[in-house]
Amino acid sequence: MMLRERAASTSELAVVLETPKGTVGHHLKVLEKAGLIRVVRTRKVRALTEKYYGRVARLFVLKGDEKMPDELRGGVLAATMLRQAADELIAAGDEKAPSALIHVRLTPKDRRRFERRMNRLVADLQRADDADGTSHALAYALFHAPTPLPPPPVDHA
């Protein structure tokens, strides 16, 4: 989230996150390996080269695990993003924020249709980004749920 507006160095991120540089550096390497961020510039600081990391896209749509590093496979990245959203929602204290968790049965065709609709909605929300506005967040995941649903009601009419 912090790299959305501008590139930042490991040191800058460590100060803002109140986290050791080594920890931040590790996570930056994981994100870089996953192709989510990249080094956008460097500068010399004494005898060292400081790297500035920036995003590679304004919008990320997660579709599968084919090219994902092992440590981010199996829904780990999406779950991490949803946990981040949950932490931000709690920190915001917004009791009126609209939210939902639903379980439904979908055919493969309907799943693809809803996935396309959600991706269009996310892209539309990204286009609405206004520097004069206030910060808002949207988190979503459409996934095959392991939670079994009771059978649908039988109509005995």
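Parameters at a glance
- Residues numbered from 1 in each chain as written.
- Predicted model: local features only at pLDDT ≥ 70, side-chain atom pairs only at ≥ 80, totals over all residues.
- Heavy atoms only, no water.
- Axes fitted to C-alpha atoms, helices over the stretch in contact; angles between N-to-C directions.
- Helix = DSSP H or I, 4+ residues; strand = E, 2+ residues; numbered from the N terminus.
- Left-handed = near helix turned anticlockwise from the far one by under 90°.
- Contact = heavy atoms within 4.5 Å.
- Nonpolar A, V, L, I, M, F, W, Y, C, P; charged D, E, K, R; others polar.
- Salt bridge = Lys/Arg side-chain N within 4 Å of Asp/Glu carboxyl O.
- Buried < 20%, exposed > 50% of the residue type's maximum accessible area, 1.4 Å probe, protein only.

Peer 1: How would you summarise the packing of helix H1 (residues 10-17) against helix H2 (residues 21-33) if you had to cite specific residues and measurements?
Peer 2: The angle between the axes and the distance between the axes are what describe a pair of packed helices. Viewed as axis vectors pointing N to C, H1 and H2 meet at an angle of 115°, and their least axial separation amounts to 9 Å. H2 is crossed by H1, and the crossing has right-handed handedness. In this structure, H1 uses Thr10, Ser11, Leu13, Ala14 and Leu17 to contact H2, whose residues at the interface are Lys21, Val24, Gly25 and Leu28. Taken together, the residues of the contact of H1 with H2 break down into five nonpolar, three polar and one charged.

Peer 1: Hey, could you go over the pattern of salt bridges for me, with residue numbers and the actual values?
Peer 2: Two side chains bearing opposite charge may form a pair once their charged atoms approach each other closely. All chains considered together, the criterion is met by five salt bridges. A salt bridge links glutamate 115 to arginine 111; the shortest N-O distance between them is 3.7 Å. With glutamate 115 and arginine 111 both in helix H4 (residues 108-127) and four residues apart, this pair spans about one turn of that helix. By relative accessible area, glutamate 115 is classed as partly exposed at 22%. The exposure class assigned to arginine 111 is partly exposed, which follows from its relative accessible area of 30%. For arginine 127, the salt bridge goes to aspartate 124, with nearest N and O atoms at 3.8 Å. You can see arginine 127 and its partner aspartate 124 sitting in helix H4, three residues apart, about one turn around the helix.

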